[in-house]
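Notes for the structure review
Below are the chains, spelled out letter by letter.
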Amino acid sequence: DGRRLAFVSRRIANNTDVWMVFLRKEDQQRTNEEWEEFFSAKKKKDTTKTAEVKIDDPANLFKHLRRVTSLPGSETEFVWSPDGQFVVFRTNTAGKSDLWKVKWNGKDLKSLTRGGTQPFNLIWHKKNKRIYFIKKNGLLSSVNPEGKEPKTIKFKANLRVAKFREQRQKFNEAWRTLNERFYDPEFHGANWKTIYEKYKEAAANAPSPRDFNDIVRMMLGELNASHLGISGPANSPQVVSGMLGLRYDPHYEGEGLKIKEVIPEGPCSRIKNPLRAGDILTEINGRVVGMNNNLYAQLENQVGKSVELRVLTNSGGQKILRRVVVRPINYKKFMDIEYDRWREEKRDLTHKLSNNRLGYIHIRAMSNPSLEQFEMELYAEGHNKDGLVIDVRNNGGGWIADYLLNMLEIKNHAVTVPRDGGKGYPQTRRPLYAWTKPIIVLCNEYSFSNAEIFAHAIKTLKRGKVVGLPTGGLVISTGGIRLIDGSRFRVPFRGWYVIGNMQNMENHGAVPDIIVKDFPGDTALHKDRQLEAAVRELLKELGK
């Protein structure tokens, strides 16, 4: 009707919500009841007349914003209902991407789809009163405005692709996007126009998509920059092998596989009679295993299924062959439980070396789950500790460095004392939990991107010392585009520079104050020289 504007904006905390604003003063002053009368009158008219857009006092329009959605998580794409009373939007509020509906005033909130349909390209069709969208796997779907009668619309179409013309188009899209958006207009000293001529024919005439991607990667290599890449358009189905959560003795020469370690919380540790170090795995589903067999071939497509193991166990000095049934997990789950084991090992070592004076927190990735975990552990692990070891080794990056610094860089301005209590400061007055005591930070050559930014920041702000090995210098803010065939192409668009000397963090890693190298065999011996050095240094600063 030309009287209201709806939009998506991140204005409160880190949530993206649907907002709305009335454009005319007379509408800004209407009550909800008056608006209901307006909609009733409008429905009776049912006019198709082109709406007149009139904006009163645009400079002060922001004062009249209304927040339509206030769900946890983020709302993104949305569409108006034909009568202007509702918006249907995509949200991840339930942990999965689905469609929800809400009235213009934030009332009558309703979920329309469930289970993670990942909807996009929304259309609310006025004539047949259905909401159309594309869901995951590219399926065309629809649902009615009450969330009933969901339908997947089947269709068939033939597509003829001129392969080499398409590849030329893909190459031009990729080259042109970097030409316009790469963060360094000098392209790290490379002549980007000459590079185009060098690779264009080879890319256009590549015999396969894989060859095309390899040629584009060679072109990207000329930039000597990080956060570049091409992938897709789609991966062929991959064989998934199950994981038992076991480590084996590489020096064992007998029949079967001798178990060296059973990973805590893994499939073989959670059964009624868990496997133990020293047990010998002899068969999987009736097939013999050993140093000359591919163990993982026998676990193909077995994730979550019942798998029978034959295990030789030493019981009272006698070897007993027993049958064990387990459900293998996928590789990601295995890495999660292995990470938990590794983290607890480092935490226990820190407590032991510091006589329980220091806490230890490892930040796995610079992502929202890691941020939430860090804030919880900052209280639980830091409570009653004199100092804190913060570890960003083996961290692939992300975006949360400034949130972490907001918890570590805060300065106290007052002390509070409640009746019969001690000195302190109410955490409820702070947006994030704060740590003001001494810290020391660990980084290594596998700390990437935003983890490097964090290490640089700790040094620049003189918040504490950094221990370990220099990071790789792989620091550019990146985004991405889809090429004509759906391939994903990364576009690094924003550089990061150390304040003061303006050193580009790209190709200039964070150099620790104390360099400590690992030695071959340290991992197998569960020895951590970098952590040991960090604990010694922080204890020295605190005074023994």
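My aim in this report is to walk through the structure given alongside it, one point at a time. Nothing here was measured: the structure is a model prediction, and the numbers come from that model.

Judged by how many residues are buried, strand 20 (residues 387–391) sits mostly within the fold: five of five residues are covered. The two faces of strand 20 match: Gly387, Val389 and Asp391 on one face and Leu388 and Ile390 on the other face are all buried. The parallel pair strand 19 (residues 358–362) and strand 20, bridged by helix 7 (residues 368–380), forms a crossover whose chirality is right-handed. Where strand 20 and strand 21 (residues 439–443) come together, four bridges link them in parallel fashion. Following the sheet pairing, leucine 388 is matched in strand 21 by isoleucine 439. With respect to chirality, the unit in which strand 20 leads through helix 8 (residues 401–408) into the neighbouring parallel strand 21 is right-handed.

Looking at the secondary structure, you find glutamine 530 in helix 10 (residues 529–542). The residues touching glutamine 530, leaving out its near neighbours within four places in the chain, are Arg393, Leu442, Asn444, Val467, Gly468, Leu469, Val516 and Asp518.

It is worth spelling out the environment of glutamate 255 at this point. Among the secondary structure elements, glutamate 255 is positioned in the loop between strand 13 (246–248) and strand 14 (257–262). The sequence separation of glutamate 255 and asparagine 292 amounts to 37 residues, and the corresponding C-alpha distance is 10.0 Å.

For glutamine 167, the location among the structural elements is in helix 3 (residues 163–181). Residue classification places glutamine 167 among the buried positions, given a relative accessible area of 4%. When near neighbours in sequence (up to four residues on either side) are disregarded, glutamine 167 contacts Ala203, Ala204, Asn205, Ala206, Ser208 and Phe212. A distance of 3.2 Å separates the side chain of glutamine 167 from the backbone oxygen of alanine 203, its partner in a polar contact.

Parameters at a glance
Every chain begins its residue count from 1, and numbering advances along the sequence as written. Local features in a predicted model are, by the rule used here, given only for residues with pLDDT of at least 70; side-chain atom pairs are given and counted only at 80 or more, and totals for whole chains, interfaces and linings are based on all residues. The basis for the side-chain values is all heavy atoms of the structure; hydrogens and waters are excluded. Remark: exposure states derive from per-residue accessible area (1.4 Å probe, protein chains only) relative to the maximum for the residue type, with buried under 20%, exposed over 50%, and partly exposed in between. Helix and strand definitions here come from DSSP, where helices need a minimum of 4 consecutive H or I residues and strands a minimum of 2 consecutive E residues; each element is numbered from the N-terminal end. Place the viewer so that the strands point away; then a crossover is right-handed whenever the path from the first strand over the helix to the second strand goes clockwise. In short, DSSP must find at least two bridges between two strands for them to pair. Contact between two residues is taken to exist if any of their heavy atoms lie within 4.5 Å; hydrogens are not considered. Residues adjacent in sequence count toward polar contacts only when both atoms are side-chain atoms; beyond that, a polar contact is any pair of N or O atoms within 3.5 Å, and within protein one must be able to donate a hydrogen and the other to accept it.

Nothing here speaks to function; it is all geometry.
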